[in-house]
Amino acid sequence: MTPTRFFLVRHALVEPSARAVLYGSMDVALCDLALREEAASYRWLARRLPQPARWFVTSLSRTRFTAAAIFAAGYPEAALEQEPDLAEQHLGEWQGIPHDALPALLTHPAHPFWPHGGEEHPPGGESFRQVQARVAAVMERMATLLEGQDVVIVAHGGSIRAVLAHAMGITPDQALTFSIKNLSLTRVEKHGPDWRVAAVNEEPWTPPPTDD
């Protein structure tokens, strides 16, 4: 049986004012400077991603603009299909607040590697456990509808962690221990009923500087 292969790219770095707050599922812009400085990463992705493939982005513009930059770097332009349920975690009333305002609002212990735990439910938003559930449903549906195909998804750190959680059968707090880097590539595969994690955080190799 030919596996269904998913190539998950986290969007490029967002602009500095967005990084100063909890932006969650807010539609924030990419960093112009990073777009220029990360040219090597876009070229690497343009060569590394499979051809042909079905391409999906979320409803947030940072994923669409990241895909456009990969096409501009040499990947043959493909139709972008939108999948809203792969969007970043909705933080409800916490979206837009400064990071240092969050600890006083938590009802569960903070995660050691994330501002809040996997069970924390922001008022008017969703917990990471809920993110895992919606992302799991999308991935199972796509694996069935696109069986045996290569699928590129430009998504978010949260939704990529949720994919890994589903593939590995781990808890929300365990999933939040993954650090998903901007413009990194994570690969998962569906073999019949089973999921396999093929790679996490692939990046272009940069040779160390020499004294020559």
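These lines cover the structure that appears in this document, whether it is placed above or below. (Residues numbered from 1 in each chain as written. Predicted model: local features only at pLDDT ≥ 70, side-chain atom pairs only at ≥ 80, totals over all residues. Heavy atoms only, no water.)

So, about unusual backbone geometry. In this model, Gln51 is joined to Pro52 through a cis peptide bond whose omega is -5 degrees. Take Pro52: it is sitting in the loop between helix H3 (39-48) and strand E2 (54-57). For Leu183, which is not glycine, the phi torsion reads 65 degrees and is therefore positive. Its place among the elements puts Leu183 in the loop between helix H7 (172-175) and strand E5 (185-191). Here Leu183 falls in the buried class, since its relative accessible area comes to 4%. (Helix = DSSP H or I, 4+ residues; strand = E, 2+ residues; numbered from the N terminus. Buried < 20%, exposed > 50% of the residue type's maximum accessible area, 1.4 Å probe, protein only.)

Turning to the pairing of E2, a few remarks are in order. Sheet topology places E2 next to strand E4 (residues 150-155); four bridges connect them, and they run parallel. By the bridge assignment for E4, Phe56 is matched with Ile153. Note that E2 and strand E3 (residues 80-82) share three bridges and pair parallel. Bridging from a neighbouring strand, Phe56 pairs with Glu81 of E3. Considered for its hand, the β-α-β crossover made up of E2, helix H4 (residues 61-72) and E3 is right-handed. (Pairing = 2+ DSSP bridges. Right-handed = clockwise from strand over helix to strand, strands pointing away.)

A few words on the packing of helix H5 (residues 128-145) against helix H6 (residues 157-168). Look at H5 against H6: their axes get within 8 Å of each other, and the N-to-C directions meet at 70 degrees. Considering their axes alone, H5 and H6 lie roughly perpendicular with respect to each other. Across the interface between the two elements, Phe128, Val131, Gln132, Val135, Ala136, Met139 and Glu140 from H5 touch Gly158, Ser159, Arg161, Ala162, Val163, Ala165 and His166 from H6. (Axes fitted to C-alpha atoms, helices over the stretch in contact; angles between N-to-C directions. Parallel < 35°, antiparallel > 145°, perpendicular 65-115°, else oblique. Contact = heavy atoms within 4.5 Å.)

A few words on the pattern of salt bridges. Per the stated rule, a full pass over the model turns up 10 salt bridges. Across the salt bridge formed by Lys190 and Glu140, the nearest N and O atoms sit 2.8 Å from each other. Here the residue Lys190 occupies a position in strand E5, and Glu140 occupies one in helix H5, the gap between them amounting to 50 residues. On the basis of relative accessibility, which here comes to 11%, the residue Lys190 falls in the buried class. Note that Glu203 is salt-bridged to Lys181, the shortest N-O span being 3.4 Å. One end of the pair, Glu203, is in the segment after strand E6 (194-202); the other, Lys181, is in the loop between H7 and E5, with 22 residues separating them in the sequence. Residue Glu203 is classed as partly exposed on the basis of its relative accessible area, which comes to 38%. (Salt bridge = Lys/Arg side-chain N within 4 Å of Asp/Glu carboxyl O.)

When you line up the elements, Asn201 lands in strand E6. Side-chain polar atoms of Asn201 contact the side chain of Ser184, separated by 2.8 Å. In this view, Asn201 contacts Ser179, Ile180, Lys181, Ser184, Leu185 and Thr186; residues no more than four positions away in its chain are not counted. (Polar contact = N/O pair within 3.5 Å; in protein donor to acceptor, adjacent residues only side chain to side chain.)

Keep in mind these values describe shape, not function.
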